[in-house]
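Letter by letter, the chains look like this.
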4 protein chains.
Amino acid sequence: MSGNSIGRSLVFTSFGESHGPAIGGILDGCPPGIPLTEADLQPDLDRRAPGQSRHTTQRREPDQVRILSGVFEGLTTGTPIALLIENLDQRSKDYSEISQRFRPGHADYSYTMKYGQRDYRGGGRSSARETASRVAAGAVAKQVLKHLCGARVRGYLSQLGPLRPQALDWEQVHANPFFCGDASLVPELEDFMDALRKEGDSIGAEITVVAEGLPPGLGEPVFDRLDADIAHALMSINAVKGVEIGAGFASVSQKGSAHRDEMTPAGFLSNHAGGVIGGISTGQDIVARLALKPTSSIRLPGRTVDLNGQAVEIVTKGRHDPCVGIRATPIAEAMLALVLADHLLRHRGQNAGVKAPLEAVPAQASSEE
Amino acid sequence: MSGNSIGRSLVFTSFGESHGPAIGGILDGCPPGIPLTEADLQPDLDRRAPGQSRHTTQRREPDQVRILSGVFEGLTTGTPIALLIENLDQRSKDYSEISQRFRPGHADYSYTMKYGQRDYRGGGRSSARETASRVAAGAVAKQVLKHLCGARVRGYLSQLGPLRPQALDWEQVHANPFFCGDASLVPELEDFMDALRKEGDSIGAEITVVAEGLPPGLGEPVFDRLDADIAHALMSINAVKGVEIGAGFASVSQKGSAHRDEMTPAGFLSNHAGGVIGGISTGQDIVARLALKPTSSIRLPGRTVDLNGQAVEIVTKGRHDPCVGIRATPIAEAMLALVLADHLLRHRGQNAGVKAPLEAVPAQASSEE
Amino acid sequence: MSGNSIGRSLVFTSFGESHGPAIGGILDGCPPGIPLTEADLQPDLDRRAPGQSRHTTQRREPDQVRILSGVFEGLTTGTPIALLIENLDQRSKDYSEISQRFRPGHADYSYTMKYGQRDYRGGGRSSARETASRVAAGAVAKQVLKHLCGARVRGYLSQLGPLRPQALDWEQVHANPFFCGDASLVPELEDFMDALRKEGDSIGAEITVVAEGLPPGLGEPVFDRLDADIAHALMSINAVKGVEIGAGFASVSQKGSAHRDEMTPAGFLSNHAGGVIGGISTGQDIVARLALKPTSSIRLPGRTVDLNGQAVEIVTKGRHDPCVGIRATPIAEAMLALVLADHLLRHRGQNAGVKAPLEAVPAQASSEE
Amino acid sequence: MSGNSIGRSLVFTSFGESHGPAIGGILDGCPPGIPLTEADLQPDLDRRAPGQSRHTTQRREPDQVRILSGVFEGLTTGTPIALLIENLDQRSKDYSEISQRFRPGHADYSYTMKYGQRDYRGGGRSSARETASRVAAGAVAKQVLKHLCGARVRGYLSQLGPLRPQALDWEQVHANPFFCGDASLVPELEDFMDALRKEGDSIGAEITVVAEGLPPGLGEPVFDRLDADIAHALMSINAVKGVEIGAGFASVSQKGSAHRDEMTPAGFLSNHAGGVIGGISTGQDIVARLALKPTSSIRLPGRTVDLNGQAVEIVTKGRHDPCVGIRATPIAEAMLALVLADHLLRHRGQNAGVKAPLEAVPAQASSEE
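Residues numbered from 1 in each chain as written. Chains lettered and ligands numbered in written order. Predicted model: local features only at pLDDT ≥ 70, side-chain atom pairs only at ≥ 80, totals over all residues. Heavy atoms only, no water.

Per an unreviewed UniProt entry, chain A goes by the name Chorismate synthase and belongs to Thiorhodovibrio frisius. Database annotation for chain A, UniProt heading Pathway (unreviewed entry): "Metabolic intermediate biosynthesis; chorismate biosynthesis; chorismate from D-erythrose 4-phosphate and phosphoenolpyruvate: step 7/7." Its UniProt record gives chain A the following Sequence similarities (unreviewed entry) comment, quoted word for word: "Belongs to the chorismate synthase family." (UniProt positions renumbered as here; feature names shortened; annotations may be inferred.)

Enquirer: Quick one: what's the story with the relation of the copies chain A and chain B, residue by residue and with numbers?
Expert: Rotating chain A by 180° about the axis while translating it 0.0 Å along that axis superimposes it on chain B, leaving an RMSD of 0.0 Å. Here the transformation between the copies is reduced to the relation of a two-fold axis. For chain A, the smallest separation between a C-alpha atom and the rotation axis is recorded for A:His232, amounting to 2.3 Å. (Least-squares fit on C-alpha atoms with pLDDT ≥ 70 in both.)

Enquirer: An account of the UniProt feature "binding site: NADP(+)" (unreviewed entry) in chain A is needed here, citing residue identities and associated values.
Expert: All names here are of chain A. The residues that UniProt annotates with the feature "binding site: NADP(+)" (unreviewed entry) are Arg 48 and Arg 54. Note on placement: Arg 48 falls in helix H1 (residues 38-48). Leave out the neighbours within four places in its chain, and Arg 48 touches Asp 63, Ala 128, Arg 129, Thr 131, Ala 132, Val 135, Arg 327, Pro 330 and Ile 331. For Arg 54, the position within the fold is in the loop between H1 and strand S4 (65-67). Note on Arg 54: relative accessible area 44%, which makes it partly exposed. If near-sequence neighbours (up to four positions away) are discounted, Arg 54 is found in contact with Glu 190, Asp 194 and Arg 197. (Helix = DSSP H or I, 4+ residues; strand = E, 2+ residues; numbered from the N terminus. Contact = heavy atoms within 4.5 Å. Buried < 20%, exposed > 50% of the residue type's maximum accessible area, 1.4 Å probe, protein only.)

Enquirer: Let's hear about empty space enclosed by the protein: which residues, and what values?
Expert: Inspection of the entire model under this criterion finds 14 cavities of 30 Å³ or more. Space inside the second largest cavity adds up to approximately 860 Å³. What lines the second largest cavity is a set of 45 residues, among which C:Ser126, C:Ser127, C:Ala128, C:His320 and C:Val324 lie closest to the centre. Broken down by secondary-structure element, the contributors of at least two residues to the lining of the second largest cavity are strand S10 (240-245) and helix H9 (328-351) of chain C together with strand S13 (276-277) of chain D. Each residue belonging to the lining of the second largest cavity can be placed in one class, and the counts come to 15 nonpolar, 17 polar and 13 charged. (1 Å grid on protein atoms, 1.4 Å probe; cavity = no way out; pocket = protein on both sides within 12 Å on 5 of 7 lines; lining within 4 Å. Points joined across faces, edges and corners; volume = space filled by probe spheres on them. Nonpolar A, V, L, I, M, F, W, Y, C, P; charged D, E, K, R; others polar.)

Enquirer: Describe the interface of chain A and chain C, naming the residues involved and giving the relevant values.
Expert: Of the residues lining the interface, 15 residues belong to chain A; the matching set on chain C comes to 15 residues. The contact between chain A and chain C buries some 1100 Å² in all, and 45% of this surface belongs to carbon and sulfur atoms. Its largest share of buried area at the contact with chain C, chain A owes to A:Arg8, A:Arg348 and A:Gln350, together 44% of the area lost on that side. Put simply, chain A and chain C have 13 residue pairs in polar contact (both at pLDDT 80 or more) between them. Ranked by residues supplied to the side of chain A that touches chain C, first place goes to helix H9 (residues 328-351) of chain A with five residues. Split into classes, the residues belonging to the side of chain A that touches chain C amount to eight nonpolar, five polar and two charged. (Buried area = accessible area lost by both parts, 1.4 Å probe. Polar contact = N/O pair within 3.5 Å; in protein donor to acceptor, adjacent residues only side chain to side chain.)

See the structure below:
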C-alpha cells in the first residue's frame, strides 16, 4: 500500500531507484508567494552529495535538481512543486552475487520477502540515494519556515562510533566532511575512518538536529503530536534505529524536579523537553537526536542465505559508505524541516485568529543546555 | 487540524478529556469475522487502571469499556467499532491554582499557547487518562493479530530511574505492579517508590515491547516504514521522550560486522535489527524500547509564570502518578499492536497473492539477544 | 479498509448500526473558541427525525444528541468533539425473512458479498438511521461556518416523483413536512404520498442545497476541488444516485456564450457555475442538487435470491420511508456544511496572509437564476 | 493545502502547468509483478492528445510518457511509479490580455482570488493539459484491473449539445474523433462542430463510462462508498458539472417497483443501480455519466473585470477546444480506472480471506438496460 508520502498539509511524495533514470518527488501544499529557485535547493544537495571526501562512497553524482512545476516568476504558486534529479553515475557492474544472495542486515531480504522480487541494482528503492529527493524537498520546507516564521533548522554530528565532539561551533560544522562542530576532533575522525576503511568494516553515528525560532503551538495531539511526527520522520531515514527529543533516554533516570523546565518571565531555565511538551511546541528550540546503525555493506565476509535458501557466504564489493551517518546531517535537517513546515501550516488552518492569553515565554535557555 | 487518528487501513480515532463525561474512540477498518466481546478488552484496561497499588494515582476508575457498534453475534462485522469508557471518579477539587498557573514541564502551557484556552480539569485532553481509550483499541488490534497471523504483543519495565531488571521472566511481569520481569528487583522498586513518594518527587522509566509471530513483509517504505510508524505511535504516548528499535542508540558505537544479523537456513543468528530492516519486518521479533520522562506534577515547589505572565511559584497537589512509566506497559503494547495490525492489513491490500522466491528464514535468535 | 471518515482538516468519523445501542461519531479538527452546546445541534436532528408526519417511517426516536468531549464552558476547545445518540425504539421484530433473503435494490446483498455476513437488524450499518450522526456533525460545521465567515447552508425539496415546486419561499420550506418552498404544491404532495403508501410503493426525489456567504478561494485543485468534494459528500448519502453543481446536466446542451457567468464590478450576472469554477469557490452561492432513488423496501413482492442462491419472492414489511428524499434535506445540508467548513480550514492553512490583487466581485446574481 | 493526490491504497499525485517544462505524476501503491511498459500507456495518451482532428485544439503535443521508476525488467516492483510528459508546443504568445483580465467562467478568477497570483500561461495549473497525467496513471490502473481481476473500463460520448447517439457500437467509438458509438450521427456531429467553430462559440457534452468484470464487494461505506469516490473522481475533471450512477437523476421520478433491480439465480434483471448499491459494487457493470460544461474560452466578446476591478470586455484568442467533452472520454476512463483499482486494493486489505455465503449473482443485465 502507498507509503511514499509524508505530511498532511505539506505533503512530500518521493520516487526513484538508485539505478533508474531519475529520482525526485512532488511537494504539494506549499503556500503561494514563497521565493524559490533551484539555487535555493542546490546547496543542501551538495552537502549530501557523495564523493566529496575519501570517507564517503566514491559514486560521482552532481545531484543537479530541476523544479518542473509550482514556481512562476521566482515565486511558488501554491500548486505542486515537482523535483527531478537525474541519475548519471550508474556504473555498470556485476550484480550476480547481490541478486542471488542477501546481504545480512540489508533490505535485500525484507524487500524480496515483501514484494516477491526487487530491483537489486545498487539497492534499488532501499538505497540511500533516495534521500537526495528528501534533501531537495526539505530545502523547500526550509524556505517556507524562513519566510513564514523566520525559523531555521540545522544539524551536526554528535557521535561517530566511540568519538564524541566536546564542543559545538556552528562555523566548524560546515568546515569539515563530518559535520563536526568540534575542530579538535576532526583529525581523530579522519584516522578512525581511514583505519575502518582498511578493515573493510563500517560504523554507526549519532546526529543532532535543532530548530530555532519556531512559535509555540505547533503539533496536533494526541497522535499527530509534534514529537511523534518528528520521530516518524527521522526514523524513516535509512539506517536510523533510534530517535530522542530533548533529554530523551536520559530522562529515564531523571527525577521530575530535575527534568521539568522551570519558567520565568525572562524565559525558560532549561530545555530538557527539547522544545515539545504534550506534543506541542513551546517556542524553545526543538532538539532531536537520531542513531544511525553501521551500514551492512561491508567487505568482511558474512554468513547468509541465497535465493534458494541455501547457506552461503557473502562479501560486499563496490562503492559504499563506511559510515552512512556522515552524510546524514542534511537528510535529518530536511526531514525535520518538512515536519515543522507541515505543522506550521496545519496549525494555521485550525488556529488562525486564536490568541493566547499571555505573551510567549522567551526561549532563553540554550538548546544545548 | 485533526490529529486524533492513527493508522491508515485500521484507523483509531480517540476522544475525551480527563473530567468530561466519557472517553473512548472509534476503530475503523477492522476485518469482519474476528471474535470480539468486551471481555476481550477488559483485562488490558484493568492492567492499565489506576489505584491498583500505592505506587500509582489513587483515582478510582473501573474503566469499564462498552462496545457500541461493529460487532454482531460475537463477531466483528467490518464496520466501525465504537468504544466508550465513562469517567466516574471526577473528584471535585479546587482548580483555581492550576487554571491560573502553568506547571513547569506540563502541557498546561503549550495547550494554552496553542488553543488560547484549555480544559484545565485534571489536565483535560493532555491527561494520561486518554490512554485508556488506546488500551481498549489496542486490545482489539491484539485480537486481529492473533486471529489473522497468530502474532502476540507483550511488554515489560526495562528500567525505572537507576534500577534495571537483570532477568526477564514473563510470568513475573504480571505478578507485580511494576511489570518487572525480575522478581528479585521488586523489593528495591517498592523501596525506591516509597522514598520518592515521601520526597514528593517523580521518576522516569523505560519500557520494552516485543511482538512475536509476525510474518516478514510488513512496512511501506520509504516513509510509512514499519519502524517509523512504530516510532510515531510510541512517541505519541504521554511523557515519552525517546524510542529505539533493536540495538537502537547502542548501534552508534557498533561496527557493521557486529551489528548485522547473519542468516543461516536454521535462522537468524542475532536480532540487532529488532525485527525491521529497510522499514520492513523480517519475521524476527519486533523489539522496541521507549523512554518516559518523570511526570511534571510533583509536590516540590517550582518557578513558573501565571496567566498574566507574572513570576509565581507552584506546587502540584492532588492525585498523580509519581512514575507514569509504571502504568505505561499496557499502553505501549496497545500502540504497537495498533501499528502492527494496521500494517498487516496494508500489506495484504497491495501484496495479496505475491509469493516470495524462498521460504522465510526462521526467527531463531531470541528477541533479547 | 477504513472508510467511515470524511474531511481532511475537519474530519468526521461515524459509527453505529440501526439496532445497536447507539450511533454517533467524532468530529476532529474543530477550531477552538466556537460557541457550542447541544441546543445548537438538536434542531437539525429534530428536522431529520422520523415519525414527524404520516409520510415518513413511524419509528419513534427522540434522537437526543449528547456532546461527550471537546467543549468546555460553552466553547469548543480544539479537541475532538464526540457525539452520541442512543437508539431507543429498536422494536423487536422477526428478521428471519430479511436475514435469509436479499431485498432487490437493497444493500443487503452487497454488504453480505463484501463482508461475508452482516448485521441484518433494520439494515444494520446501511440503514438511513446512520445519517442522524451526520446531521449532528453537520450542525457543528454550520456553527464553524457561521462564526468564522458568516456563511449559511440551507436546502429544500426541488422535486418529488413527477412534482416540481414552482416557487421558493424559504419560510415555507420549514412549514411543511416536505421541505417544499412552494406552499401551493403541498396538497398535491400529500395526496401523492397517501396514494403511494396505499400502493405499497416508494418514490424518488431531488434536493437542492445552497450555501450563502462563503469567501472565494475554497477548494484544492486538482483532485480535492470543492465541487469534487461536494459530489463525494452528497453521493455518500444513502440512496443518492446523482449530483450536480450549478447548471449541472443542463450545461450539456448549453453554449459557452450562454453558460459563462459574466462579471461586472457590481457583481456576477448569473450563476450557472453554482459558485465553483476550476474547483475553487468564486464567492457566489454554492448550489448543488442531488437525486435520491426510491427506497427498495416496499410492500410489493419482488423476485430475488436467498442465502442459498435459490430463487425466492420477497415482500418487505415493517416501518420504512416511502420517500427517503423527504427527510434528506437536513442530511444534505449537513454534508455540504461539513465539506465547506473543512475547506475553509484547509484554505486558511495554506493561504493565511495571502492577498488577492483585487476585491472580490459581489455575488449579485441570485442562486436560483 | 495539498489536494493533488487521489486514492487511498493506490494514490496518484499529479503535478504540472500547461506551459511549464513538463507535467506528470507519481502513482504509489501499485502491486508488484504487474506487466508494465510505456507501450501500455501511450495508446490512451494518444486518444486524449490534442490536434488529432479539426474539432479540437490545434496545439501539437506528442504526449510521450516516460516511466522513471517502479518498473524493473518489465514488471512493477511495488514502489512508486513516476510518470513524466514533457511540454513541447508552448507556442510563445502574448498573454498581456489574459494576465490582466478574467475570462468569465474560467478559473482565472478563482485561482487569482485563492492564491493571490497565478501562472497565467495557457491556463497554468487549471489547464486541461493537466489531464494527460491522469490518462497516463489511469492506463496503469487499467493494467492493475486487467491483471488482478480481469476488469475493463471503457467510455463513449453519450451527448454533444443537442445531439444524442441512438446506438452503441464499441467498434465505432474508436473509429471517429468524437468517441461516438453511433456511426450515423458522426456527420451531424461534424457539421455541428464546424458551425460552432465559425460562430466562435463552444458546447457542452455528456460522457458515459462503463466498467465490466468487477467483483462484488468494492467500496467502503459510509463515506468512501464506491459511488461517492467515483463521483469525486469524475467531478474532479475540468469542466465537469454533474455526475450520475446508473439511473441517476432519472430515478427522481421512478417508483421503487420500477427502480429496484430484481435478482434471479441466472442474474440481475436490470441495472438501474449502475452496479453500486449501498456504496458497494454488486458485480454488475459500473455505469457512470458525467456532464461537461462548454469551455469558457470562446471568441465571442464578454463582460468581465480586470486586475484593477474595472469593467472590461474580453475576447479569447488562441488555440482552444470548442468542446472539451470530445477529448474527455479517455480522461473519464482513467479516473474511473483509478478509483476502481484503488478500491480493489482497499477491499483486499480488509477482506482477504473473507468468504460470502453464496455465489455472486451473475451480472446478466446489459449495462445499457
